[in-house]
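Here's the letter readout for the chains.
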Amino acid sequence: MKKYLTEFIGTFFLVLTIGLAVASGSPLAPLAIGSALMVLVYMGGHVSGAHYNPAVTIAIVALGKMERADVLPYIGAQIVGAFAAAATSFLIVGSTFAPAPAAEAPMLAVLLVEFLFTFMLVLVIMNVAVAKATEGNGFYGLAIGFTVTAAAFAGGGISGGAFNPAVGIGPIVMNALAGDGGFADLWIYLVAPIAGGLAAMLVFNIQEAEKEAAYA
């Protein structure tokens, strides 16, 4: 239960930070979001692995680094946490928020941004928090948080900057329930991030195989 609670809390505060930072209109919102993820990873890394992202969970289980029985509870906790955060943000600021592609952005560009930056995020996570070579390091939270900061600054204005299915599902559902939008964009934030995470898992497997071959 403590793992699922940690995933709920971590995802809740990540998405709440996104909602309030976006509402503030600050150009430094990506820095706030990345900083929040960094401290939340340090908070929960030793308890649940601090996924806070279904794309991460799916990639980690595909890698064989977590129990399959934990997958649905992890993803459930993440989605419920994201929705609760979106609802809380609505209560605080009186308006909803949801990721959405830029109006002028071609769909291929949107999908590529979500795919590539989720790929980068998951590959960083695996190399700093899963790889044996970096086991016990103290920089994993910093690396993960700044990856999201860079992704949000670079790609957020194109794709909406979710890089996380929970960040898509929770706010989009809340937005629809409030009558402010629909579900037309939801598939983007499911398909592209999950594909990016799985691609990162495949590359990480190659990296690990190369390391083992080098030491053989």
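Residues numbered from 1 in each chain as written. Predicted model: local features only at pLDDT ≥ 70, side-chain atom pairs only at ≥ 80, totals over all residues. Heavy atoms only, no water.

Caption draft 1: Looking closely at the environment of Ser48. Along the polypeptide, Ser48 turns up in helix α2 (residues 29-48). Owing to a relative accessible area of 6%, Ser48 belongs among the buried residues under this scheme. Distance in space between the C-alpha atoms of Ser48 and Tyr74 is 8.9 Å, their sequence separation being 26 residues. Non-local contacts of Ser48, meaning those with residues more than four positions away in its chain, are made with Lys3, Thr6, Glu7 and Tyr74. At 3.1 Å, the side chain of Ser48 and the backbone nitrogen of Ala50 are in polar contact. (Helix = DSSP H or I, 4+ residues; strand = E, 2+ residues; numbered from the N terminus. Buried < 20%, exposed > 50% of the residue type's maximum accessible area, 1.4 Å probe, protein only. Contact = heavy atoms within 4.5 Å. Polar contact = N/O pair within 3.5 Å; in protein donor to acceptor, adjacent residues only side chain to side chain.)

Caption draft 2: Fine view of the packing of aromatic side chains. Applying the stated criterion across every chain, the model contains five aromatic pairs. Relative to Tyr74, the ring of Tyr4 lies with its centre 6.0 Å away and its plane at 80°, an arrangement referred to as edge-to-face. One end of the pair, Tyr4, is in helix α1 (residues 2-24); the other, Tyr74, is in helix α4 (residues 71-93), with 70 residues separating them in the sequence. Residue class for Tyr4 comes out partly exposed when judged on its relative accessible area of 23%. Tyr74 gets classed as buried once you look at its relative accessible area, which sits at 3%. By way of ring pairs, the aromatic residues Phe8, Phe12 and Phe13 are connected into one cluster. (Phe/Tyr/Trp six-rings, centres within 6.5 Å; stacked < 30°, edge-to-face > 60°.)

Caption draft 3: Up close: unusual backbone geometry. Here the phi dihedral of Tyr52 falls at roughly 55°; this positive angle occurs in a residue that is not glycine. Given the relative accessible area of 0%, Tyr52 is considered buried. The phi dihedral of Phe163 is positive, around 55°, even though this residue is not glycine. In this fold, Phe163 is placed in the loop between α6 (140-159) and α7 (165-177).

Caption draft 4: Quick peek at the packing of α2 against α6. Packing of α2 against α6 brings their axes to within 8 Å, and their N-to-C directions diverge by 155°. As summarised for this structure, α2 and α6 are arranged roughly antiparallel, according to the angle between their axes. Relative to α6, α2 is oriented so that their crossing is right-handed. Contacts between α2 and α6 pair Pro30, Leu31, Ile33, Gly34, Ser35, Leu37, Met38, Val41 and Tyr42 from the former with Tyr140, Gly141, Leu142, Ile144, Gly145, Val148, Thr149, Ala152 and Phe153 from the latter. In the contact of α2 with α6, the residues fall into 13 nonpolar, five polar and no charged. (Axes fitted to C-alpha atoms, helices over the stretch in contact; angles between N-to-C directions. Parallel < 35°, antiparallel > 145°, perpendicular 65-115°, else oblique. Left-handed = near helix turned anticlockwise from the far one by under 90°. Nonpolar A, V, L, I, M, F, W, Y, C, P; charged D, E, K, R; others polar.)

Caption draft 5: Looking closely at the nonpolar core. In this structure, Leu37, Val41, Met126 and Ile144 are the most contacted members of the largest nonpolar core, which totals 47 residues. Contributing elements (two or more residues each) for this core: α1, α2, α3 (54-63), α4, α5 (107-129), α6, α7 and α8 (188-215). At seven residues, the largest contribution of residues to this core is made by α5. Ignoring sequence-local partners within four residues, the contact set of Ile144 consists of Leu37, Val41, Leu121, Val124, Ile125 and Val128. (Core = buried A, V, L, I, M, F, W, Y, C linked by side-chain atoms within 4.5 Å.)

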